[in-house]
Every structure is written in C-alpha cells, then in structure tokens.
Amino acid sequence: MSEETRRPRAPITESDVLAWLETTAAAVQAGEVSAQELIDILGELRRASAACADASDWALLAAREGGASLRQIAPVFGKGYVRAPAARLEKLHRQAQNSDQWLAILRHKQTA
C-alpha cells in the first residue's frame, strides 16, 4: 500500500458538492423539491459548512503541531499570503492551544 492511499481524505470534496448541486438543481427545476425541503437542505448545508470550518481549524492546528510552516500552509488560504493562516491561528489560540484541545471543544459543542 502506498503512502498516498493511507492518507486521510476530507469527507467531502468540491467535486462531490458540485455533483450534488447539479442533481439537486435539476430536481428543483423539475418541480420535485418543495420550498420547505429547500429550507431544510439550507439548514443542513449551514450546519455542514460550520462543521467543515471547525475541521479546517483542527487541521490547521494539527499541521502546525506537525511542523508545517505558515509559508507551507498559506497557499490553501489563497494568494499565498502568510497573514491569513497566522491570523486564524491567533484567533484559534484564544480558545485552544492545540488540536487536541480544539477537538475537545468540538466534542463539547456537539453534546451541548
């Protein structure tokens, strides 16, 4: 087994979302989805978006703990600016000093 096949993957990708969106848009255009169902979907997407942001924050903390530099991390924030991940880390460190603490916060939020 190669190192690439053992690497954890994000639970959802941009292409997964686009494929779902195209399928759902077609169903909406065909009149198969009600306004209330769309509102329910909107709520699900908003919650999933928040969960993805929390997971992204955890990965940022874990990457830094694993030795990644801000310059290595910066490209995933866009335009390669180091300020974006540095600012995010500063904000996160007001709540948690490491990825384990952040995960504990997320667990607590889910049970609260």
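For clarity, every value in this text was computed on a predicted model and none was experimentally measured.

### What to know about the overall build of the chain
Next up, step 1: When its secondary structure is counted, the chain shows six helices and zero strands.
Next up, step 2: Each helix and strand of the chain, placed in order from N terminus to C terminus, yields the pattern α-α-α-α-α-α.
Next up, step 3: In summary, the chain has a C-alpha radius of gyration of 18 Å against a globular reference of 13 Å for 112 residues, an excess of more than 25%.
Next up, step 4: Dimensions along the principal axes, computed over C-alpha positions, put the chain at roughly 50 × 40 × 35 Å.
Next up, step 5: Here the chain, with 112 residues, has 17% of them falling under the buried criterion.
Next up, step 6: Relative to all contacts within the chain whose residues are 6 or more apart in sequence, the contacts with residues 24 or more apart total 49%.
Next up, step 7: Working note: accessible area of the chain is about 8700 Å², and carbon and sulfur atoms make up 57% of it.

### Considering the pattern of salt bridges
Next up, step 1: One pass over the full model with this rule turns up three salt bridges.
Next up, step 2: Residues lysine 109 and aspartate 54 are paired through a salt bridge, measuring 3.1 Å at the closest nitrogen-oxygen approach. Residue lysine 109 is located in helix α6 (residues 99–111), and its partner aspartate 54 is located in helix α3 (residues 35–65); the two are separated by 55 residues in the primary sequence.
Next up, step 3: Since its relative accessible area comes to 15%, aspartate 54 is described here as buried.

### Description of the nonpolar core
Next up, step 1: Formed by Leu60, Leu61, Ala68, Ile73, Leu89, Leu92, Ala96, Trp102 and Leu106, the largest nonpolar core amounts to nine residues.
Next up, step 2: Elements that contribute at least two residues to this core include exactly α3, α5 (83–93) and α6.
Next up, step 3: In contact with alanine 68, other than residues within four places in its own chain, are Ala63 and Ile73.

### What to know about a nonpolar patch on the surface
Next up, step 1: Together, Leu18, Trp20, Leu21 and Leu45 make up a nonpolar patch on the protein surface, roughly 370 Å² of accessible area in all.
Next up, step 2: Considering every element that reaches the nonpolar patch, the biggest residue donor is helix α2 (residues 14–29), with three residues.
Next up, step 3: Mapped onto the secondary structure, tryptophan 20 falls in helix α2.

Thresholds applied
- Residues numbered from 1 in each chain as written.
- Predicted model: local features only at pLDDT ≥ 70, side-chain atom pairs only at ≥ 80, totals over all residues.
- Heavy atoms only, no water.
- Helix = DSSP H or I, 4+ residues; strand = E, 2+ residues; numbered from the N terminus.
- Rg over C-alpha atoms; globule rule 2.2 N^0.38 Å.
- Buried < 20%, exposed > 50% of the residue type's maximum accessible area, 1.4 Å probe, protein only.
- Contact = heavy atoms within 4.5 Å.
- Areas by Shrake-Rupley, 256 points an atom, 1.4 Å probe, with all protein chains shown as cover.
- Salt bridge = Lys/Arg side-chain N within 4 Å of Asp/Glu carboxyl O.
- Core = buried A, V, L, I, M, F, W, Y, C linked by side-chain atoms within 4.5 Å.
- Patch = residues over 30% accessible without salt bridge, like charges linked within 9 Å, V, L, I, M, F, W, Y side chains within 5 Å.

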